[in-house]
Amino acid sequence: MNISYQESTKTIRRNPEMGYPQFSSWQDMKKEGILISPHTSEKMRDAIQNLSGYVNLLYTLTDFTKNGGGEDIPITEKALSDLGDQLHGLALRGGCALLRFAYDSRGERDKEPESLDMILTHIKQIGEVLHKYNYAVAGLEAGIIGLFGEMHTSNYCGAEYSKPIVQALLDACPDGKPVLLRSPVYLQAWSGKEYAELATWTPEKGTDAARLGFYNDGYMGSDSDLGTWMEDHMTRKEGIDYLNRMGTQVFYGGEYSGAWWWTTRFHTCLPENAIPEMYRSHVDYIRGNVFKDEHVSYENFIYNEDYEYSWFPDNSAYYGQTTWKFIRDHIGYRFVLRASEAKAEGKEVTLSGKVENTGFSSVINPKKAVLIFKGEDGSLYQTPIDCDVRTWLSCQTTPYAISAKLPEEAAPGRYEVYLRFSLFGITEEACRLSAIEFANEDIFSEEIGGNFIGEVTIQ
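Residues numbered from 1 in each chain as written. Predicted model: local features only at pLDDT ≥ 70, side-chain atom pairs only at ≥ 80, totals over all residues. Heavy atoms only, no water.

K.L.:
Tell me about helix α9 (residues 271-281), and name the residues and values.
P.N.:
Of all 11 residues that make up α9, eight are buried, and the element is covered over most of its length. Along α9, the positions that sit buried rather than exposed are Pro271, Ala274, Ile275, Pro276, Glu277, Met278, Tyr279 and Ser281. Those residues of α9 hidden inside the fold are in contact with β7 (212-219), α7 (236-246), β8 (252-256) and α10 (323-330). (Buried < 20%, exposed > 50% of the residue type's maximum accessible area, 1.4 Å probe, protein only. Helix = DSSP H or I, 4+ residues; strand = E, 2+ residues; numbered from the N terminus. Contact = heavy atoms within 4.5 Å.)

Structure follows, in structure tokens:
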């Protein structure tokens, strides 16, 4: 089986924790359990029943706040149980979720409970579920307060409230996974640092501070991303510099805002400015359109070398493609096998090669790494390996060297070797379904859930 070491232009939708979340719609956590919002389309209703892949789960808590029409009471066991069932079902289908909880999903202010203690109680209850089903959790959009849980237009946005709320969300999110804030205002409130300090701050890896990223709900909506970046707080340049330093540890994403008739009043959204910023800020995911408008859009611009800087990866495969396709395909990580070699001595196997990450970002959360050997008779053998895909950074080509041993029962003969990085699935099928697909043509096997990297002959 031959390997092409060139990048293809295929759009990869299956990879976990990157790109376009495959589902995003509000569900209501009610006293009697989780109900699908009446504003959800039939298509979305069907999707909820069979969630898979990378999804953005949004939940309202209006039943548990007096100001939202319910009562200021703890979340019921039935609602929490339904949340756990959804997460477990998602994991069985190889999926994972970026979650947000909110007291409002209709743009109405002051729907939160009347006390901070009740909000913190709700977060703690949610956290207990997330820790139990940690294998289905990618991270949290901090949310919960403000319109749509977007941390604005709320009496709870002040530092005296937002700081304990952010800390509670950090505690609720399992395994040191990312928590995304709406803007640097909340990073400043939580950290207590002055904005001038934040501009050059690099939080220590493994600390809570290093888990805090941003979901930018005004992405490309204006020069300030509709107030995300502010001259008297953290400027756009300072924010992008911060994300450039932190992009290997935290998620950055959000939602494209506005339409071209508005955004083109500003230069930020133009592809010659947006694409290098996407690389420097390490964009992991986008919810919503990527400026695909019937009048003017990224589809009207053609990607070529004029958009590139010397530090860009090799994107030559995309010359002649629209910038819409280029951006869509490079949100998150995108791995291209550039070289590979496989050798065997007895049943000891050594593999080496190089992988280039042409995507805007890197893998953030740990992944399960295994080699899978497929014999000529179809037999499969799997062995865990020590290979951390998180070190395959954006805009870099990284060498790998892997040693493994086939089990004693493996018969002599020729074996295809497949490399798999996946979620820590609760079943083998879940791992197969969540395996990361490389961008080379025809090296990924859906059946095996791995990327072909060579062949060895066992004597």
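Here the narrative resumes.
K.L.:
Quick one: what's the story with the packing of aromatic side chains, residue by residue and with numbers?
P.N.:
Following the criterion strictly, the structure yields 27 aromatic pairs and no others. Arranged with centres 6.3 Å apart and planes meeting at 85 degrees, the rings of Tyr279 and Trp311 form a pair that is edge-to-face. Remark: Trp311 occurs in the loop between β9 (285-287) and α10 and Tyr279 occurs in helix α9; sequence separation between them is 32 residues. According to the relative accessible area criterion, Trp311 is partly exposed, its value standing at 35%. (Phe/Tyr/Trp six-rings, centres within 6.5 Å; stacked < 30°, edge-to-face > 60°.)

K.L.:
Describe the sheet that holds strand β15 (residues 413-422), and please don't skip the residues or the numbers.
P.N.:
Strand order in the open sheet made by the five strands is β13-β12-β15-β17-β16, with antiparallel pairing throughout. Edge positions in the sheet fall to β13 (380-384) and β16 (444-445), since each of these pairs with one other strand and no more. Sheet analysis places β16 next to strand β17 (residues 450-458), joined by two bridges and oriented antiparallel. Counted as the bridge partner of Ser445 is Gly450 from β17. (Pairing = 2+ DSSP bridges.)

These results come straight from atomic positions and should not be treated as a statement about function.
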